[in-house]
Amino acid sequence: MAKYFATHGHTCGGNFPDWDDTLSGRGIEHMFQFVINNDPSCKVSEAVKQAVERSPDPPAEISTRALQGDEVCLQTMDLFYEMLGQDASYLALRGRCALGGVYVCGGVVQKTLPLARRGALMRAFDHTKAPAHVMRDLLSQVPVYLVTNCDVALLGAAHAVLDYPADVF
């Protein structure tokens, strides 16, 4: 994936893609292109390819088709959730061992909840390439929550305003 992103000009200060180019709606579109152009076993129909290209919202088109069972779109979404699971595991380890849990939020998760529950996210989270079995054992204790409340950002901001003294804002 990193080579694909670098080849297509989607890097942030080097050979690695920017977060927004992978774990976002835009990332879904990039992953779809990666899957159809780099997987020799991929058999994308011309109708799906055209629908995605012509859609005003290609990530929504891909995720909707995945929810309907299109194999290439499912493969794309599994890749998305696998990368999300890997990144979440690294964040859990870097974040002073987030034993209270990792909360996965965002519009993609809210709109594709059945795809998030297919297993790619948790397989990647639990089987991260952590340097030692101790880290993998630690990750197995970290719960992962899929947040479905669309207003979570506003609720968090409201909570922050109420918790801080008036002179901070």
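K.L.:
Got a minute to help me understand the packing of aromatic side chains in this structure?
P.N.:
The geometry of two aromatic rings is summed up by the distance between their centres and the angle between their planes. Summed over all chains, the structure comprises two aromatic pairs. Relative to tyrosine 81, the ring of phenylalanine 80 has its centre 5.1 Å away and its plane inclined at 85 degrees; by these criteria the two rings are edge-to-face. Both residues of the pair, phenylalanine 80 and tyrosine 81, belong to the buried class.

K.L.:
Looking at this structure, I do not really get helix H4 (residues 58-67). What am I missing?
P.N.:
Structural remark: α-helix, 3.6 residues per turn; residues separated by three or four positions point the same way. Among all positions of H4, only Pro58, Pro59, Ile62, Ser63 and Ala66 are buried. The arc enclosing the buried residues of H4, seen along the axis, measures out at 130 degrees, which places them on a common side. The secondary structure elements touched by the buried residues of H4 are helix H2 (25-38), helix H3 (46-54), helix H5 (71-94) and helix H7 (113-116). Two residues or fewer after H4 comes glycine 69, characterised by a positive phi angle close to 100 degrees.

K.L.:
So what exactly am I meant to see when it comes to the confidence of the model for the protein chain here?
P.N.:
Detailed reading of the predicted model is not advised wherever pLDDT is low. Within the protein chain, residue pLDDT values average 83, and 80% of them lie at 70 or more. When mean pLDDT is compared element by element in the protein chain, H4 scores highest at 97, while helix H1 (residues 2-7) scores lowest at 53.

K.L.:
So what exactly am I meant to see when it comes to the nonpolar core here?
P.N.:
Looking at soluble globular proteins, one finds that nonpolar side chains tend to be buried together. Among the nonpolar cores identified, the biggest contains 35 residues, and Phe32, Met77, Phe80, Tyr81, Leu84 and Val102 are the most heavily contacted of them. Those elements giving two or more residues to this core turn out to be H2, H3, H4, H5, strand E1 (102-104), helix H6 (107-111), H7 and helix H8 (120-126). Considering every element that reaches this core, the biggest residue donor is H5, with 11 residues. Contact partners of valine 102, with chain neighbours within four places excluded, come to Ala88, Ala92, Phe125, Val142, Pro143, Val144 and Tyr145.

K.L.:
Looking at this structure, how should I read the pattern of salt bridges?
P.N.:
Pairing of side chains with opposite charge becomes possible as their charged atoms draw close. Taken as a whole and assessed by the stated rule, the structure comprises two salt bridges. The shortest N-O distance in the salt bridge between glutamate 61 and arginine 65 comes to 2.6 Å. Linking glutamate 61 with arginine 65, this pair stays in helix H4, spanning four residues, or about one helical turn. For arginine 118, the salt bridge is made with aspartate 78, and the minimal N-O distance between the two is 2.8 Å. One end of the pair, arginine 118, is in the loop between H7 and H8; the other, aspartate 78, is in helix H5, and 40 residues separate them in sequence. The class for arginine 118 is partly exposed, based on a relative accessible area of 44%.

About the criteria used
Residues numbered from 1 in each chain as written. Predicted model: local features only at pLDDT ≥ 70, side-chain atom pairs only at ≥ 80, totals over all residues. Heavy atoms only, no water. Phe/Tyr/Trp six-rings, centres within 6.5 Å; stacked < 30°, edge-to-face > 60°. Buried < 20%, exposed > 50% of the residue type's maximum accessible area, 1.4 Å probe, protein only. Helix = DSSP H or I, 4+ residues; strand = E, 2+ residues; numbered from the N terminus. Arc of directions from axis to C-beta. Contact = heavy atoms within 4.5 Å. pLDDT = per-residue confidence, 0-100. Core = buried A, V, L, I, M, F, W, Y, C linked by side-chain atoms within 4.5 Å. Salt bridge = Lys/Arg side-chain N within 4 Å of Asp/Glu carboxyl O.

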